Amino acid sequence: MMMSYTNDYTEREDRDDSPMEALVDDPEQFDNEIGEESTDENSAASDDDDDQSTQYGQSKVTTTGNDHTSDTGTTTYRGFTPEETKAVHRLRLLMIVTLFGVAMILSILVWYFLKETEQSEFEDSFQAKGTKLVSGFRGDAFQKMQALDSLSTSLTNYAAVANLTWPLVTIQNSHEFLSPYLNLANAASLRIQPVVAARERAAWEAHTEMHQEWVERDWQTRIAEESTNGAQRHRLTEEIPPEDLVVSPYIKNYVGVDTSPSQWIPWWQYAPAIENRWFVNFNQLADAQFRRDTKAVLQQGKAVISSTETFVPGLDFQSLKDFTFMEQLLQAGGYGQYEPGEPIGYIHYPVFESLEVDDKKVVAIITVVVYWKTYFENILSEETNGIVCVVENDKQVFTYLISGGNAEFQGMQDLHDSSYDKYKIEAEYKSFQTNTQEFTARQYSGVPVENSNVVGGYRIRVYPSQTLQDEHVTADRWIYAAAAMALMILAISVFMLYDCHVERRQNKVSHAAEKSDAIITSLFPVKVREQLFNRQDDQEEQDKARRKMRKKNPLMPSPTNSKAVPEGFTSRPLSTVNEDGDDIMKNPMLGVGDDVDDAELNPHADSAPIADFFPSCTVIFMDIAGFTSWSSSREPPQVFVLLEALYSAFDIIAQKRKIFKVETIGDCYVAVCGLPDPCDTHALNSAKFARECMEKMQSLVHRLEPKLGPDTGDLMLRAGMHSGPVTAGVLRGDRARFQLFGDTVNTASRMESTGVAGKIQVSRETAELLASHSKGHWTQKREDPVKAKGKGELTTFWLHSRGRKAASKRSGQSTTDHSESAASLSLSDGLSEHGQGLRGADTSSPLENPKIQRLIDYSADLLVDTLKKIEAKRHTNSSKTVGVVSSVMARKVEQLEREMAGKGPCVNEVAEFVELPEFNKPNTPIRRKAKGAELSPEVIAQARSFCETIARSYRRNPFHSFEHACHVVQSSAKLLSRILAAQEIGSDLEAHDSTFGITSDPMTHFALIFSALIHDVDHRGVPNGQLANEEVDLASYYQNQAIAEQNSFDIAWTMLMEPEYVDLRRAIYQTDLEIKRFRELVVNCLMATDVFDADLKSMRENRWERAFHTSTQPDGERQEQPMVNEKPQVSLNRKATIVIEHVIQASDVSHTMQHWYVYLKWNDRLYFELYKAYHQGRSSQDPTPGWYQGELNFFDFYIIPLAKKLKECGVFGVSSDEYLNYALENRREWEKKGKEIVAANREKIQAALDGSQSISNTEMPIRETPMKKSQEWNAARQQTQAIVPEEDGLDESFRSETLAL
């Protein structure tokens, strides 16, 4: 009987499945490592593989992925030879390159010559303009100092002519007197300040009161001038208070009358005139900046140039006393010329009592306020643009951009383009001495000038800019260069146009042929491939001959084709004669009809099939046990990463062992040895291949587990082999493939499906062939016969691993009853892996378990990847703030850390909503892989150390364990990835809004994964109600709310605050807002995992209604209704908080919304945990009676509504449907099988306890309340052990657990 193995295979089911998902960073790199490892491992065979290599006939078939090679190792493609194609391409390329080369050389020479000309013109122009600017700067400085010297001389002469004695000097018509000097100095303001000694104060104040009419007179004069010339005076925002419109006769300071004993420098007459009189008689020595400069003038008799200042006045002009005088004067007295932030400087010039050379007594000081930009204005012509001037001293630097006669302030730093440093022109502004060459030539007779508080004076540097250079760049060089190219391009274009059309047509033909060849190469052996090519050639020749014949004789019938058959294949491999000797192709009662050439019955009847019968082959089936449930909790890319990694490794081994890979169906790998070339050692080769694949599988899944998530390392290979005759050939039709048929294929499939995970089952026939090659010691007879569908009872054998003797007997383990097997596995895992058992404790360290190490690696990698996204987001901020945390902020964060440590029960911190960052375009690339974001080795090491510490802090509970925490971590990561994947289409803003800001905030992602990792730390294995009875102080401290959850949070937070994790903390948060948001997110997530607390549940439900309040439409659909008077960002944050809490809630119970076997595994562990508490006397109620109905209620009232809410959130894409479908399916399955599963679990526990004499209540050390000192907590934490010893057998581990009592 001939049947295809494909139909039989689809009926098989998976067993032993496990959950969880993670992201794989670089699958291609991992695939490359697979090939290298396979070559290394396979080169070191065991003692059992010392036999000779298997020899084939005249040709061999090797398979590596999709590449099939012949004897020569080259892929067959029958078209133009590579040498011919390369020769044509080389000739064409040489011609084109030659023509273009000539054109390029000419164009480059022209372009370069014109470029050098433009560059020379640019340099000459800048040198002329820069020199002129420096000279103009010096001239302006000279003019300012000369104007002040003239004013000083005029004041001395004025007092002498008027016979007045300083300080009792008041200039009549001071506005007209001072204005010319103000304009000559090009200053913003000017004032005269007499020197008043202590003995002169009374006289001065009397003089002030007597001569104060000048203030009002000058003000009225100014008003008259404005009305005449139409000038618009700057108006104050607020009215001047009445008291500030009166001149005070007393010398004052900022707070009132100045009573300091000393001399005073009161402000007296000034220009321009202003309405505010408050600062008349203000003591200049009362200001710190003025005091230093004023004393320098008085003591040295020199003019002083002060350091540069900038002012940004406030808007409240009513309280002018709150500002410096400079701000008042500029805002109130200017003509709209003041620009906030502009650098200004002060020049203080002495007035002497006499012009005698020997008499240097300073009797007054002239102070002017000068804009620095006035030094550079009106020097260059209006058409000049792009000159950069940098002014600096030992403390300050600022930059101006000179455009024509204007100088535009750029900022208080050196902002010139460093690429123009070589063109720099420098000048210094140190001091003005009367004997210097420059000022002697200009007849400067003033006093020496010094710089106050500026060491070395001011330095002026002038640079060109790109703007200036662009003025000298023309399009001429490009025009002439393009003209040189045009002639050659015109000649080349005709040739290229013709060549392109020919090449395009040829490429289409060639690519189609290459694709066809690649497909055929991947599907068929060499001989079959060659035959397909030959048939195509024959068909084309016959079609051509037929067309010629029909042209001559249109009535001629179509000739019958006679097709050649490849060597090793017959023209009719499928016999048409039945057992009675009748030909079914001729007898319509026995076969398909009278005429097999009828197109309706057989479209391919005009050619013989490519098929043959191979009397001796070995067929191998290999299946991944647990793959279906494992893949149910992964994203499609992760599923294919696993399959590609495994199958690529298997392909390499198959190439080495000369095995022909037929195909893969799902997670089943089908291969055969002994065809198309006969081979006497096909069974031996197949055995070696299967054993090496088994070892490779174990190695790869353990390496992949840190990348693909928990339980990947639990996947095992289940293989089956059978030897016998096989019919093989190409089954023509749509998607034709090389197929195997026959009873041997079906039997090999049964060997795999009735086998055991991690073992290779072979038939009697295969075992006998191995024995004939002196490999009988490789096999061991299976004790119980196998009942195979359609075969009855079969005697089978186990094939041992390489270099190993007979393994432990497990032949009695059948996998046909999947429900029972899954339940047994889950229960046994709970007893052996995760529990102390009903009695006794495993004191081994969890970190000695390789599986726990892989889980720690997985968790640490996930945390580090998320931290990199946080760092990447920081790098998208302004370059001025990237990676810079001020010491003030660092101290503030440390203070918050200390305050949070003693904050009390965290349930009181549950927020109505967490404020996520608003949309910011540079901060949204979380949907794309972050580039350039690196973490320090210290952060990565501390992340892994923290995960190890968390692992130690989990108790040995069957359910609430570190493994379950990693399962929740993986589920959270999957839901987060679905949020991102669901919003891949659209802009960043659309993704931000549609996911309520979650996609834009990696901090939220990290907090979710962090919360999932710590959410059951130190869980005692009992519900909160029982925990409240056992730990009265703990319950009281936590206000009898979410006791276990708050305890877990406090422990984990205390761990994170340890000094050893300071770098990790700074990678998580760097500002006060970030640490507050991180803590709020973690608190809300952990409190959301307590689904039974009435208050928290009510709070969440109310928040859901406010966030997603909906109304039912007439068509039955529910539509969201916006809340009234609520800001959009508040609504967005509330929805984001709801989604975050639902992610952690769904992840915490994700096993109920995954594959049935995943649900059974964790459901049985939870049952065992609660029964353990009951057995130890910690709980008064046996969970068994109500377990069945309780699970149904849990599905109906929590799981299914939660899955529906995930869908209603609208951010999870297809995952919401996936979760809901799994929840509904698991509920149906539990309703059918739940009672039997509960009864079976109860019987196994009871059987394990039969014969026990006493029960010991072994418990883990219990941590005290969070008020415990940190050093005591550290000591207790070191004693805390966690989780899983090495996995053992199923029933054996259960029995050994019981015997340990």
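Residues numbered from 1 in each chain as written. Predicted model: local features only at pLDDT ≥ 70, side-chain atom pairs only at ≥ 80, totals over all residues. Heavy atoms only, no water.

## Things to note about a positive patch on the surface
Side chains of Lys 544, Arg 547, Lys 548 and Lys 551 sit close together on the surface and give a patch of like positive charge. Along the chain, Arg 547 turns up in helix H12 (residues 526–552). (Patch = residues over 30% accessible without salt bridge, like charges linked within 9 Å, V, L, I, M, F, W, Y side chains within 5 Å. Areas by Shrake-Rupley, 256 points an atom, 1.4 Å probe, with all protein chains shown as cover. Salt bridge = Lys/Arg side-chain N within 4 Å of Asp/Glu carboxyl O. Lys, Arg positive; Asp, Glu negative; His and termini not counted. Charge placed at Lys NZ, Arg CZ, Asp CG, Glu CD. Helix = DSSP H or I, 4+ residues; strand = E, 2+ residues; numbered from the N terminus.)

## Some thoughts on the pattern of salt bridges
Applying the stated criterion across every chain, the model contains 45 salt bridges. Taking the shortest distance from any N to any O, the salt bridge between Asp 1217 and Lys 1207 comes out at 2.5 Å. Of this pair, Asp 1217 sits in helix H34 (residues 1214–1249) while Lys 1207 is found in helix H33 (residues 1184–1209), placing the two residues ten residues apart along the sequence. Under the relative-accessibility criterion, Lys 1207 is labelled partly exposed at 42%. The network of salt bridges with shared partners includes Asp 711, Asp 714, Lys 851, Glu 963, Lys 1161 and Arg 1165. (Buried < 20%, exposed > 50% of the residue type's maximum accessible area, 1.4 Å probe, protein only.)

## Details of the nonpolar core
Ile 950, Phe 962, Phe 1078 and Val 1139 are the most contacted members of the largest nonpolar core, which has 112 residues in total. Sort the elements by how many residues they give to this core and H33 lands first, with eleven residues. Sequence-distant contacts of Val 1139, that is, excluding residues within four places in its chain, are made with Ile 979, Phe 996, Ile 998, Phe 1108, Cys 1209, Val 1211 and Phe 1212. By size, the runner-up hydrophobic cluster in this structure holds 62 residues, among which are Leu 155, Tyr 349, Leu 380 and Val 447. (Core = buried A, V, L, I, M, F, W, Y, C linked by side-chain atoms within 4.5 Å. Contact = heavy atoms within 4.5 Å.)

## Here's the deal with the packing of helix H15 (residues 682–708) against helix H19 (residues 850–875)
In contact at an axis separation of 7 Å, H15 and H19 are set at 35 degrees when each is read in the N-to-C sense. Taken together, the residues of H19 that come into contact with H15 (itself represented by His 702, Glu 705, Pro 706 and Lys 707) are Arg 854, Leu 855, Asp 857, Tyr 858 and Asp 861. Its residues assigned to classes, the contact of H15 with H19 shows three nonpolar, one polar and five charged. (Axes fitted to C-alpha atoms, helices over the stretch in contact; angles between N-to-C directions. Nonpolar A, V, L, I, M, F, W, Y, C, P; charged D, E, K, R; others polar.)

## As for the environment of Lys 873
Looking at the element boundaries, Lys 873 is found in helix H19. Sequence separation of Lys 873 and Met 1003 is 130 residues, and the distance between their C-alpha atoms is 9.6 Å.

## Notes on a negative patch on the surface
Taken together, the side chains of Glu 382, Glu 383, Asp 470 and Glu 471 present a region of like negative charge at the surface. Relative to the helices and strands, Glu 471 is located in helix H10 (residues 466–471).

## Here's the deal with the side chain of Glu 205
Mapped onto the elements of the fold, Glu 205 is located in helix H5 (residues 201–210). Glu 205 sits in the buried class, given a relative accessible area of 15%. Here Ile 251 takes part through its backbone nitrogen, which lies 3.4 Å from a polar atom of the side chain of Glu 205. Setting aside residues up to four positions removed in sequence, Glu 205 forms contacts with Pro 249, Tyr 250 and Ile 251. (Polar contact = N/O pair within 3.5 Å; in protein donor to acceptor, adjacent residues only side chain to side chain.)

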